Amino acid sequence: MSEETRVAIVTGAARGIGAGVAERLVQDGFKVAVIDLDEAASQATAEQITAGGGTAIGVGADVSDEASVQAAVDRVAAELGAPTVLINNAGVLRDNLLFKMSVEDWDTVMNVHLRGSFLMARAVQKHMVDAKYGRIVNLSSTSALGNRGQANYSAAKAGLQGFTKTLAIELGKYGVTANAIAPGFIATDMTAATAARVGMDFEEFKKAAATQIPVARVGTPADIAHTASFLVSEGAGFVSGQVIYVAGGPKD
Ligand code: NAP
């Protein structure tokens, strides 16, 4: 891979899985754009993950907003170079049982996960096609297989799998691969918020979750970052349209 093709964008990367992936990509030698809603938080993470060396910038953007996405991608291209790696990680939860789920909660989840990944991929693909090289990784979830209280999130995460496979088919001839990572339980603010919502202490919540996971522990952002690092590597060019469950055990 040439020097120019080592610019990566990670969305929702101010914290959690996104920050873990961004940190790993800096270690792998990529120049990384940390995109998140809050520019100051994005910049703080960019500074933190480059404390030991490397290059990262923080960019504030809402992935569900078309103009915001285009401006962010243009800025990354101007400040770091043409982005050829995209990790669509930004996400939100609006859990509720179907009969209590508001239209707003449905739309918010669809907009961040599905519309956001679509807008980001559409804006970045131009740079990838020009470079005849690219790597797209979309964050799905084991919830894509169905999960009580997550009709919106489960539909969005299943939708991302179809989106990923279609990108793989359309963009393959330009040297672009598209894959999805479907994490199981990963300890982040997102799962901490779920514990709080059901009234459980986070440590107890993680312990209970671990009893249901074959490797007997919950996951960490580094577990997802390791898989992302493989998928965006130059050598993974024949792996495309796949959904990799990173869940400490089999899922189907
Ligand atoms: P997290 O800690 O809640 O981080 C998500 C990040 O996305 C936050 O920094 C958030 O910003 C940002 N974000 C939300 N809406 C955005 C928007 N419209 N534009 C830009 N950024 C936005 O979540 P996480 O646990 O790291 O999850 C990361 C991804 O993995 C998500 O797609 C999630 O669905 C998926 N996932 C997580 C798990 C898990 O167990 N944790 C399992 C399966 C899949 P704010 O802080 O400003 O809201």
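Residues numbered from 1 in each chain as written. Predicted model: local features only at pLDDT ≥ 70, side-chain atom pairs only at ≥ 80, totals over all residues. Heavy atoms only, no water.

For the protein, an unreviewed UniProt entry supplies the name 3-oxoacyl-[acyl-carrier protein] reductase and the organism Branchiibius hedensis.

(A) Up close: the overall build of the protein. Scanning the protein from terminus to terminus reveals 8 helices and 7 strands. Against the globule reference of 18 Å for 252 residues, the protein gives a C-alpha radius of gyration of 17 Å, in line with a compact fold. In terms of principal-axis extent, the alpha carbons of the protein reach across some 50 × 40 × 35 Å. Across the 252 residues in the protein, those meeting the buried criterion constitute 51%. Looking at the protein alone, contacts between residues at least 24 apart form 71% of all its contacts between residues at least 6 apart. For the protein, the exposed surface amounts to about 11,400 Å²; the carbon and sulfur share of it is 53%. (Helix = DSSP H or I, 4+ residues; strand = E, 2+ residues; numbered from the N terminus. Rg over C-alpha atoms; globule rule 2.2 N^0.38 Å. Buried < 20%, exposed > 50% of the residue type's maximum accessible area, 1.4 Å probe, protein only. Contact = heavy atoms within 4.5 Å. Areas by Shrake-Rupley, 256 points an atom, 1.4 Å probe, with all protein chains shown as cover.)

(B) Quick look at the UniProt feature "domain: Ketoreductase" (unreviewed entry) in the protein. With numbering aligned to this structure, UniProt lists the feature "domain: Ketoreductase" (unreviewed entry) at residues 6–184. When the span residues 6–184 is considered, its composition is 49% helix and 19% strand, and the gap between its end C-alpha atoms is 29 Å. (UniProt positions renumbered as here; feature names shortened; annotations may be inferred.)

(C) The packing of helix α4 (residues 103–131) against helix α5 (residues 151–171), seen in detail. The contact between α4 and α5 brings their axes to 9 Å, and the two run at 15°. It follows that α4 is roughly parallel to α5 by the angle criterion. The way α4 lies across α5 gives a crossing that is right-handed. Along the contact surface, α4 presents Asp-105, Trp-106, Val-109, Met-110, His-113, Leu-114, Ser-117, Phe-118, Ala-121, Gln-125 and Val-129, while α5 presents Ala-151, Asn-152, Tyr-153, Ala-155, Ala-156, Lys-157, Gly-159, Leu-160, Phe-163, Leu-167 and Leu-171. (Axes fitted to C-alpha atoms, helices over the stretch in contact; angles between N-to-C directions. Parallel < 35°, antiparallel > 145°, perpendicular 65-115°, else oblique. Left-handed = near helix turned anticlockwise from the far one by under 90°.)

(D) The nonpolar core, seen in detail. Ranked by size, the top nonpolar core spans 36 residues in total, and within it Ile-9, Leu-86, Met-120 and Ile-136 carry the most contacts. Looking at which element gives the most residues to this core, the answer is α4, with 10 residues. Excluding its chain neighbours within four sequence positions, the residues that come into contact with Leu-86 are Ile-9, Met-120, Ala-121, Val-124, Met-128, Arg-135, Ile-136 and Val-137. In terms of nonpolar packing, the next biggest core, distinct from the first, is built from 26 residues, Ala-8, Ala-13, Ile-186 and Val-232 among them. (Core = buried A, V, L, I, M, F, W, Y, C linked by side-chain atoms within 4.5 Å.)

(E) Highlighting the site of the ligand. Within the structure, the ligand sits among 28 residues, and Arg-15, Ile-17, Asp-36, Tyr-153 and Thr-188 are positioned closest to it. The separation between an oxygen atom of the ligand and a polar main-chain atom of Ile-17 is 2.8 Å. Here an oxygen atom of the ligand sits 2.5 Å away from a polar atom, N or O, in the side chain of Thr-188. Bound to the protein, the ligand loses 90% of the 900 Å² it would expose on its own. Take the shell around the ligand: its biggest share by element is 3 residues, from helix α6 (residues 189–197). Residues that form the shell around the ligand fall into these classes: 13 nonpolar, 10 polar and 5 charged. Each of domain 1 (7–184 + 220–246) and domain 2 (187–218) gives at least three residues to the shell around the ligand. (Near = heavy atom within 4 Å. Polar contact = N/O pair within 3.5 Å; in protein donor to acceptor, adjacent residues only side chain to side chain. Nonpolar A, V, L, I, M, F, W, Y, C, P; charged D, E, K, R; others polar. Domains from an automatic or database assignment.)

(F) Representation of the sheet that holds strand β1 (residues 7–11). The sheet built from 7 strands is open, its strands ordered β3-β2-β1-β4-β5-β6-β7 with parallel pairing. Strand pairing shows two members of the sheet lacking a second neighbour, β3 (56–60) and β7 (243–246), which therefore form its edges. Between one strand axis and the next, the sheet turns through 20° on average, direction left out of account. Bridge analysis of β1 against strand β2 (residues 31–36) gives 5 bridges, and the strand direction is parallel. When the bridges of β2 are listed, Ala-8 appears paired with Val-32. Sheet strands in contact with helix α3 (residues 66–79) are β1, β2 and β3, and its direction is about 160° off that of β3. This element, α4, spans β1, β2, β4 (85–88), β5 (134–139) and β6 (176–183) of the sheet and lies at about 180° to β4. (Pairing = 2+ DSSP bridges.)

(G) The arrangement of the pattern of salt bridges in detail. For the structure shown, the criterion picks out 10 salt bridges. Between Glu-39 and Arg-75 there is a salt bridge, and its shortest N-O distance comes to 2.9 Å. Within this pair, whereas Glu-39 is found in helix α2 (residues 39–49), its partner Arg-75 is found in helix α3, the two being separated by 36 residues in sequence. On the accessibility criterion, Arg-75 (26% relative accessible area) is partly exposed. One salt bridge in this structure joins Glu-79 and Arg-75, with 3.2 Å as the shortest N-O distance. One end of the pair is Glu-79 and the other is Arg-75, both in helix α3 and 4 residues apart, which spans about a single turn. On the basis of relative accessible area, Glu-79 is assigned to the partly exposed category, the value being 45%. What you see here is one network of salt bridges that share partners, running through Glu-39, Arg-75 and Glu-79. (Salt bridge = Lys/Arg side-chain N within 4 Å of Asp/Glu carboxyl O.)

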